[in-house]
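# Overview (structure and organization)
Now for the letters of each chain:
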Amino acid sequence: MPIIEVRDLSKTYTYHRKAPGLWNSVKSLFKRQTLTTEAVKRVSFTVEAGELVGFLGPNGAGKTTTLKMLAGILYPTTGEARVLGYVPWERKAAYQKQFSIVMGQKNQLWWDLPAMESFLLNKEIYEIPEPQFKETLNELTELLDLHEVLDVQVRKLSLGQRMKAELTAALLHRPKVLFLDEPTIGLDVVAQQKMREFIKAYNQQQKTTIMLTSHYMEDVAALAQRVIIIDRGIIFYDGPLTGLAAKVHEHKTVRMTFTKPVAATDLPAFAHIIERTPTTATVRIPRKDSARRTAEMLKTLPIDDITIEEEPIDDVIRQVFLNHAQPA
Amino acid sequence: MQRYIRLFFRYLSTDIIREAEFRGGFFLLLVSNLIEFTVTVAFFSLLYGSVPTVGGWSYPEALFLVATYSIIGNLSGAFFLRNFARFSEYIRTGLLDTFLTKPVDAQFAATLRYHAISNLISLLPSVALLMISLHRLGLTITVVNAVGYVLLLVLGLIIVYCLWFAISLLAFWLTQINELQELWFSLYDFARYPPPIYDGGVRILFTFVIPVLTVVAVPTEFFLEHTQPAAIGYNVAIAATLLIVTRLLWKVGLRRYASASS
């Protein structure tokens, strides 16, 4: 039985177009042009218990809107969804006690108070029994290395520390489903890395079902076995990350260092040159027959060192978006 | 219910911690409340220096009314002000999200979360004025008087909550409405004068359409022993109706809520 079931979910926003300027503002008080945007268009997917799914897409793709509908913040325009058997936007307390949403750009912690005060409030809100609260808090502060900041006002924390505290607040009631919207946004590389490690470990230990949106490819590459790629409200890939790479790329990148200078014309015709100096070359070769072609280059060229790489995942995704952008 | 009372006191206690932290703002609000209170009382003593009665109300009766006005004003300031002042921002910035995902009624959490403790302290001079006017009127406090008065104050607070909430709810449709907070304050100002001074349309407007007059007048008249049961019944009915209507408006508004970007 899937934990999350989404069928034909759509969300349309209406807004008003207003031409700039004072006179147009006055006019718009009386007569306005109403426009609609379809942020999410008939999206369907299911997520099984314990899965960690990455939701990828450029800004405005509809990933956050989808998460917000699953968290019961927004009503869909049409379509259905069930999470843990509940219709999210009915906002039943029984459902709300079993999930959490963390939004990188919205803090739920009390800004002017130590994080501990917000944790105690959540204990009250989620009706967490004292022993469980203590145990969970200890575990989380241990895992996230948060001991020394519990009694510091939230506004005095670094962004990295604050995000950890936000996560702690969201996990105190041991949610079965966790929605993470851009959890690493604005964090430095080290803090991003730590956050990823924590999310991965938490998913494995607690078997929590996690849906994560990000526009950092590293997040998704490091965390999710499965990705859903969405653009302009439409899902156009849902499957394993590795499958995506194979599907999109037709090339591999080969970096070579030579023992003596090699002229461009000496390189085989199938190798597309990306970068070249007399003693080094980076070329792209077709994925198909790559082993044979590499062997051929090893034989004909004075190679000192050679590495073969998959194209970086960012490039893959970019390629997907570009392909998608072309009118079919 | 018990859980909500516990939550309310937790909100309150965190606000006491916070205000202890920001003493400057605390004292500033306290001083501004006291100045406003003094100006109001001075206005009435000047007014009654030249006329014996206003709309049939004597000077000490008017003082009792002003004290009641000020008590309800300070209580609503203490419990509602900081929430409704933030309300349009919750909607504009999408902060309302954080209330909508928790297993606590979101209306409760969004409208009764923050408290202005200094307003509770500015209650003291209002209560003192109440005592002074009672002394001048030669009235004594009885159990019936006191309990009835307090219950009617609570009823008045409920009406104030609903009216103020209704104004704030416009944010779902207008998004940017900080100015409408001012609308509430100017509406409430009407309640500080004896109701008979308003005639015709104004009185009907502020009794039946936007019932701010009865909020202060009904508890006052009850204590001064010239209230009609009908007026009390009217306030009960108004409070119940407004609670239901604002609840429905809140639900309709939530359907419109678009939760600002990420």
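All values reported here derive from a predicted model rather than from experimental measurement. (Residues numbered from 1 in each chain as written. Chains lettered and ligands numbered in written order. Predicted model: local features only at pLDDT ≥ 70, side-chain atom pairs only at ≥ 80, totals over all residues. Heavy atoms only, no water.)

A few words now on the overall build of chain A. Summing up its helical and strand segments, chain A has eleven helices and 13 strands in all. The burial tally for chain A puts 50% of its 328 residues in the buried class. Excluding contacts between residues fewer than 6 apart, the proportion of contacts in chain A whose partners are at least 24 apart in sequence is 70%. Taken together, the 42 basic and 39 acidic charged side chains of chain A have centroids lying 8 Å from each other. (Helix = DSSP H or I, 4+ residues; strand = E, 2+ residues; numbered from the N terminus. Buried < 20%, exposed > 50% of the residue type's maximum accessible area, 1.4 Å probe, protein only. Contact = heavy atoms within 4.5 Å. Lys, Arg positive; Asp, Glu negative; His and termini not counted. Charge placed at Lys NZ, Arg CZ, Asp CG, Glu CD.)

Bringing the pairing of strand β11 (residues 272–277) of chain A into the picture now. Residue and element names in this part refer to chain A. Of the strand pairs in this sheet, β11 and strand β12 (residues 280–286) are connected by five bridges, and their pairing is antiparallel. When the bridges of β12 are listed, Glu275 appears paired with Thr282. Hairpin connection, β11 to β12: the antiparallel pair is bridged by two residues. (Pairing = 2+ DSSP bridges.)

Residues and elements named next belong to chain B. Judged by side-chain polarity, Leu170, Trp173, Leu174, Val245, Leu249 and Val252 come together as a nonpolar surface patch covering roughly 480 Å² of accessible area. Those elements that place two or more of their residues in the nonpolar patch are α9 (171–174) and α13 (229–256). Per-element tally for the nonpolar patch: the top contributor is α13, with three residues. Structurally, the position occupied by Val245 is in helix α13. (Patch = residues over 30% accessible without salt bridge, like charges linked within 9 Å, V, L, I, M, F, W, Y side chains within 5 Å. Areas by Shrake-Rupley, 256 points an atom, 1.4 Å probe, with all protein chains shown as cover. Salt bridge = Lys/Arg side-chain N within 4 Å of Asp/Glu carboxyl O.)

The next thing to look at is the pairing of strand β6 (residues 177–181) of chain A. All names here are of chain A. Of all five residues making up β6, five are buried, and the element is well covered by its neighbours. Neither face of β6 is open: one carries Val177, Phe179 and Asp181, the other Leu178 and Leu180, and all of them are buried. Where strand β5 (residues 99–103) and β6 come together, five bridges link them in parallel fashion. Across the sheet, Val102 pairs through a bridge with Leu180, a residue of β6. In this structure, β6 lies alongside strand β7 (residues 209–214), joined through five bridges in parallel fashion. Along β7, the bridge assignment pairs Leu180 with Leu212. Remark: the β6/helix α7 (residues 189–206)/β7 crossover connection has right-handed handedness. (Right-handed = clockwise from strand over helix to strand, strands pointing away.)

Listed per partner, the contact involves 30 residues of chain B and 32 residues of chain A. Carbon and sulfur atoms supply 57% of the area that chain B and chain A bury against each other, a total of about 3,000 Å² over both sides. Joining chain B to chain A, the criterion identifies six salt bridges. As a salt-bridge pair, Asp97 of chain B and Lys106 of chain A come within 2.7 Å of each other at their nearest N and O atoms. One can count ten residue pairs in polar contact (both at pLDDT 80 or more) joining chain B with chain A. Mapped by element, the contributors of at least two residues to the side of chain B that touches chain A are α1 (2–21), α4 (97–100) and α13 of chain B. A total of nine residues in the side of chain B that touches chain A trace back to one element, the largest contributor, which is α1 of chain B. For the side of chain B that touches chain A, the class distribution of residues is 13 nonpolar, eight polar and nine charged. (Buried area = accessible area lost by both parts, 1.4 Å probe. Polar contact = N/O pair within 3.5 Å; in protein donor to acceptor, adjacent residues only side chain to side chain. Nonpolar A, V, L, I, M, F, W, Y, C, P; charged D, E, K, R; others polar.)

On to the domain arrangement of chain A. Split into domains, chain A comes out as domain 1 (4–245) and domain 2 (250–309). Between the C-alpha centres of domain 1 of chain A and domain 2 of chain A there is a distance of 44 Å. (Domains from an automatic or database assignment.)

Quick look at the sheet that holds strand β1 (residues 4–17) of chain A now. Residues and elements named next belong to chain A. One open sheet accounts for three strands, arranged β2-β1-β4; its pairing is antiparallel. The open sheet terminates on both sides in strands that have one partner only, identified here as β2 (33–47) and β4 (78–83). Averaged over all adjacent pairs, the angle separating strand axes in this sheet is 30°, with direction ignored. Across the sheet, helix α2 (residues 63–70) is in contact with β1, β2 and β4; its angle to β1 comes to roughly 115°. (Axes fitted to C-alpha atoms, helices over the stretch in contact; angles between N-to-C directions.)

Across a sheet, paired strands are connected by hydrogen bonds in the backbone, their directions being either parallel or antiparallel. All names here are of chain A. Taking strand neighbours across the sheet as the criterion, the four strands line up as β11-β12-β10-β13 in an open arrangement whose pairing is antiparallel. At either end of the open sheet lies a strand with only one pairing partner, and these are β11 and β13 (303–309). Neighbouring strand axes in the sheet, compared pairwise and without regard to direction, differ in orientation by 15° on average. On the sheet, helix α10 (residues 290–300) packs against β10 (251–258), β12 and β13 and is oriented at approximately 150° with respect to β12.

This next bit is on the packing of helix α3 (residues 59–93) of chain B against helix α7 (residues 123–137) of chain B. All names here are of chain B. Put simply, α3 and α7 touch, their axes get as near as 8 Å, and they point 160° apart. In terms of axis orientation, α3 runs roughly antiparallel to α7. Where α3 crosses over α7, the handedness of that crossing is left-handed. When α3 is examined against α7, the residues Tyr59, Pro60, Glu61, Leu63, Phe64, Val66, Ala67, Thr68, Ser70, Ile71, Asn74 and Leu75 are found in contact with a partner set consisting of Leu123, Ser126, Val127, Leu129, Leu130, Ser133, Leu134, Arg136 and Leu137. Taken together, the residues of the contact of α3 with α7 break down into 14 nonpolar, five polar and two charged. (Parallel < 35°, antiparallel > 145°, perpendicular 65-115°, else oblique. Left-handed = near helix turned anticlockwise from the far one by under 90°.)

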